[in-house]
Amino acid sequence: MIKKKIIALILAGGQGSRLGLLTKNIAKPAVAFGGKYRIIDFVLSNCSNSGIDTVGVLTQYKPQQLNYHIGIGAPWDLDRVHGGVQMLPPYQTEVGADWYKGTANAVYQNLRFCDEYDPDYILILSGDHIYKMDYSDMLEYHVAKEADATIAVIKVPIHEASRFGIMNTGENDRIVEFEEKPKNPKSDLASMGIYIFNYAKLRKYLVDDAKDPKSDYDFGKNIIPKMLKEKSKLYAYTFRSYWKDVGTIESLWEANMDLINNDSKSSLLDPKWPIYSQNMSRPPQFVGKNSQIQNAIISEGCIINGQVINSVIFPGVKIEENARVVNSIIMSDCVIGRNVIVDKAILSSNVTVNPNTVVGNSKDIALIDENAVIESNYVG
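Asker: Where do I start with helix H5 (residues 135–145) in this structure?
Answerer: Residues three or four positions apart in an α-helix share a direction because the helix packs 3.6 residues into each turn. Buried within H5 are the following residues: Tyr135, Met138, Leu139, Tyr141 and His142. One side of H5 holds all its buried residues, which, seen down the axis, span an arc of 160°. Exposed and facing more than 90 degrees away from the buried side of H5 are Glu140 and Ala144. Once H5 finishes, glutamate 146 follows within two positions and takes phi at roughly 55°, a positive value.

Asker: How do you make sense of the nonpolar core when you look at a structure like this?
Answerer: Soluble globular proteins: nonpolar side chains tend toward being buried together. In terms of nonpolar packing, the biggest core is built from 70 residues, with Val55 and Leu125 touching the most fellow members. Filtering out sequence-adjacent residues up to four positions away, leucine 125 remains in contact with Ala8, Leu9, Ile10, Leu11, Val43, Cys47, Tyr131, Tyr135, Gly193 and Ile194.

Asker: Looking at this model, I keep getting lost on the pairing of strand E1 (residues 6–11). Mind explaining?
Answerer: Of all six residues in E1, six are buried; the element is thus mostly enclosed. Neither face of E1 is exposed, since Ile6, Ala8 and Ile10 on one face and Ile7, Leu9 and Leu11 on the opposite face are all buried. In the sheet, E1 pairs with strand E8 (residues 121–126) via six bridges, with the strands oriented parallel. Across the sheet, residue leucine 9 finds its bridge partner in E8, namely isoleucine 124. Here E1 pairs with strand E4 (residues 54–58) via four bridges, running parallel.

Asker: Sorry if this is basic, but what is going on with the environment of lysine 5 here?
Answerer: Residue position: lysine 5 is located in the segment before E1. Looking at lysine 5, the relative accessible area reads 51%, which means it is exposed. Note: C-alpha distance between lysine 5 and asparagine 168 (163 residues apart in sequence) is 29 Å. When near neighbours in sequence (up to four residues on either side) are disregarded, lysine 5 contacts Pro119, Asp120, Tyr121 and Leu139.

Asker: Quick question: what am I supposed to make of the pattern of salt bridges here?
Answerer: Pairs can form between side chains of opposite charge once their charged atoms are near each other. Scanning the entire structure with this criterion turns up 18 salt bridges. In this structure, lysine 3 engages aspartate 120 in a salt bridge whose closest nitrogen and oxygen atoms are separated by 2.9 Å. Here lysine 3, found in the segment before E1, pairs with aspartate 120, found in the loop between helix H4 (111–115) and E8; they are 117 residues apart in sequence, far enough to count as distant. Shared partners join several salt bridges into a network, and the residues in it are Lys4, Asp53, Asp77 and Arg80.

Asker: So what exactly am I meant to see when it comes to the side chain of glutamate 179 here?
Answerer: Along the polypeptide, glutamate 179 turns up in strand E12 (residues 175–180). One buried charged residue, glutamate 179, remains without a salt bridge, the closest side chain of opposite sign being lysine 186 at 4.3 Å. Here asparagine 168 takes part through its side chain, which lies 3.0 Å from a polar atom of the side chain of glutamate 179. Setting aside residues up to four positions removed in sequence, glutamate 179 forms contacts with Phe164, Gly165, Ile166, Asn168 and Lys186.

Asker: What should I look at first to understand the state of the cysteines in this one?
Answerer: Note on terminology: a disulfide is the covalent bond linking the sulfur atoms of two cysteines. Under the counting rule described, the total for this entry stands at zero disulfides. Cysteine cysteine 302 remains unbridged, with the sulfur of cysteine 334 as its closest cysteine sulfur at 9.8 Å. Owing to a relative accessible area of 0%, cysteine 302 belongs among the buried residues under this scheme.

Asker: Would you explain the sheet that holds strand E22 (residues 318–319) in this entry?
Answerer: Sheet strands associate in pairs through backbone hydrogen bonding, adopting either a parallel or an antiparallel arrangement. A sheet is described by the order of its strands in space; here six strands give the open sequence E16-E19-E22-E25-E28-E31, paired in parallel fashion. Only two strands of the sheet have a single neighbouring strand rather than two, namely strand E16 (286–287) and strand E31 (373–374). For E22 and strand E25 (residues 335–336), the ladder comprises two bridges, and the chain directions are parallel. In the sheet register, lysine 318 faces E25, and the bridge partner there is valine 335.

Asker: Even after reading the chapter, I still don't get the pairing of E4, so can you show me in this structure?
Answerer: A regular strand carries its side chains on alternate faces of the sheet. With respect to burial, E4 is a largely interior element, five of its five residues being buried. Where burial is concerned, the two faces of E4 agree: the one with Thr54, Gly56 and Leu58 and the one with Val55 and Val57 are both buried. Two elements, E4 and strand E5 (residues 84–88), share five bridges in a ladder whose sense is parallel. From the neighbouring strand, threonine 54 faces E5, where its bridge partner is glycine 84. With helix H2 (residues 64–70) bridging E4 and the parallel E5, this β-α-β connection has right-handed handedness.

Rules behind the numbers
Residues numbered from 1 in each chain as written. Predicted model: local features only at pLDDT ≥ 70, side-chain atom pairs only at ≥ 80, totals over all residues. Heavy atoms only, no water. Buried < 20%, exposed > 50% of the residue type's maximum accessible area, 1.4 Å probe, protein only. Helix = DSSP H or I, 4+ residues; strand = E, 2+ residues; numbered from the N terminus. Arc of directions from axis to C-beta. Core = buried A, V, L, I, M, F, W, Y, C linked by side-chain atoms within 4.5 Å. Contact = heavy atoms within 4.5 Å. Pairing = 2+ DSSP bridges. Salt bridge = Lys/Arg side-chain N within 4 Å of Asp/Glu carboxyl O. Lys, Arg positive; Asp, Glu negative; His and termini not counted. Polar contact = N/O pair within 3.5 Å; in protein donor to acceptor, adjacent residues only side chain to side chain. Disulfide = S-S within 2.5 Å. Right-handed = clockwise from strand over helix to strand, strands pointing away.

Rendered as structure tokens:
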């Protein structure tokens with residue numbers, strides 16, 4: 001046994017059905033993002049930058065791309081002999097195989113992994129959010145409060161609070177009530193799905209919860225309400241920077257557009273908090289003499305001979321002469337032909353748009369499946 005002060009578990013098994021064809025073959029955390037990343041790179045980089053060197057990634061839905069991308073964790077300095085990153089799918093036991101039934105059950109099924117490190121604290125994370133957060137600050141807050149659990153929250157407009165799990169707090173930010181998507185919210189503090197627990201206490205709750213046939217085996221529905229009912233000390237940790245749940249096509253598009261603003265707190269250009277990823281080596285991008293680029297992210301290996309405005313261009317994309325790409329996300333190895341207009345679209349990888357074609361209409365987001373060949377106008 002190698003004793004650790006804190007370990008992290010990343011819940012990365014979600015299907016992400018609201019992302020449509022982008023997740024038909026891969027788990028939501030493996031969806032491409034920001035020119036050269038995948039969504040899970042943000043939470044893995046947060047762990048690395050926060051000094052957390054032992055991370056379990058709980059997978060379930062179509063994990064192959066996620067497994068390949070994370071590998072042994074070298075880009076995040078998580079290729080460790082003692083600790084590092086480990087992929088944790090549901091597995092066969094002496095009584096049979098069992099899918100994860102909920103967020104709490106997913107952690108319960110991996111208590112043996114946790115016990116190997118006998119941690120004082122355990123950090124539970126979602127693998128499908130875009131944000132930069134120093135978890136060591138949250139842990140310091142948790143310890144100072146002598147909390148049993150600390151839940152990260154972010155303030156949302158009160159008229160949108162009914163879309164979230166809402167934490168109602170009393171004196172000194174102690175949580176007194178949790179409401180799941182309340183019709184009439186009493187607070188604007190939305191749960192971010194980021195939890196720090198005292199491990200010994202959480203372990204007991206998970207074991208008890210697993211024995212309850214009426215449970216949903218969920219942190220928000222079962223574990224947290226039971227802890228509150230039994231007067232455990234739960235505190236809210238308010239996060240005041242950029243955070244985005246990229247659970248829909250619209251929010252994924254918005255988060256990519258946010259990256260283009262270098263002043264945004266989601267910017268990838270902050271050397272103090274780098275976002276690491278597993279990337280193939282590509283040649284430098286080439287920008288032709290008749291091209292025009294404004295407010296865009298252009299990744300390695302691209303050949304740009306047309307116009308790119310307010311867009312995110314992934315590696316290996318070719319944009320031919322007189323083509324115009326506006327307010328769009330173009331994923332790896334797409335070919336945009338001559339005289340093409342792409343306006344407010346998301347093109348999955350290896351899409352070919354034939355010459356003299358229009359994709360998108362500047363209003364709704366046009367979503368194109370991978371390997372598609374667009375031969376006529378497509379507005380979505």
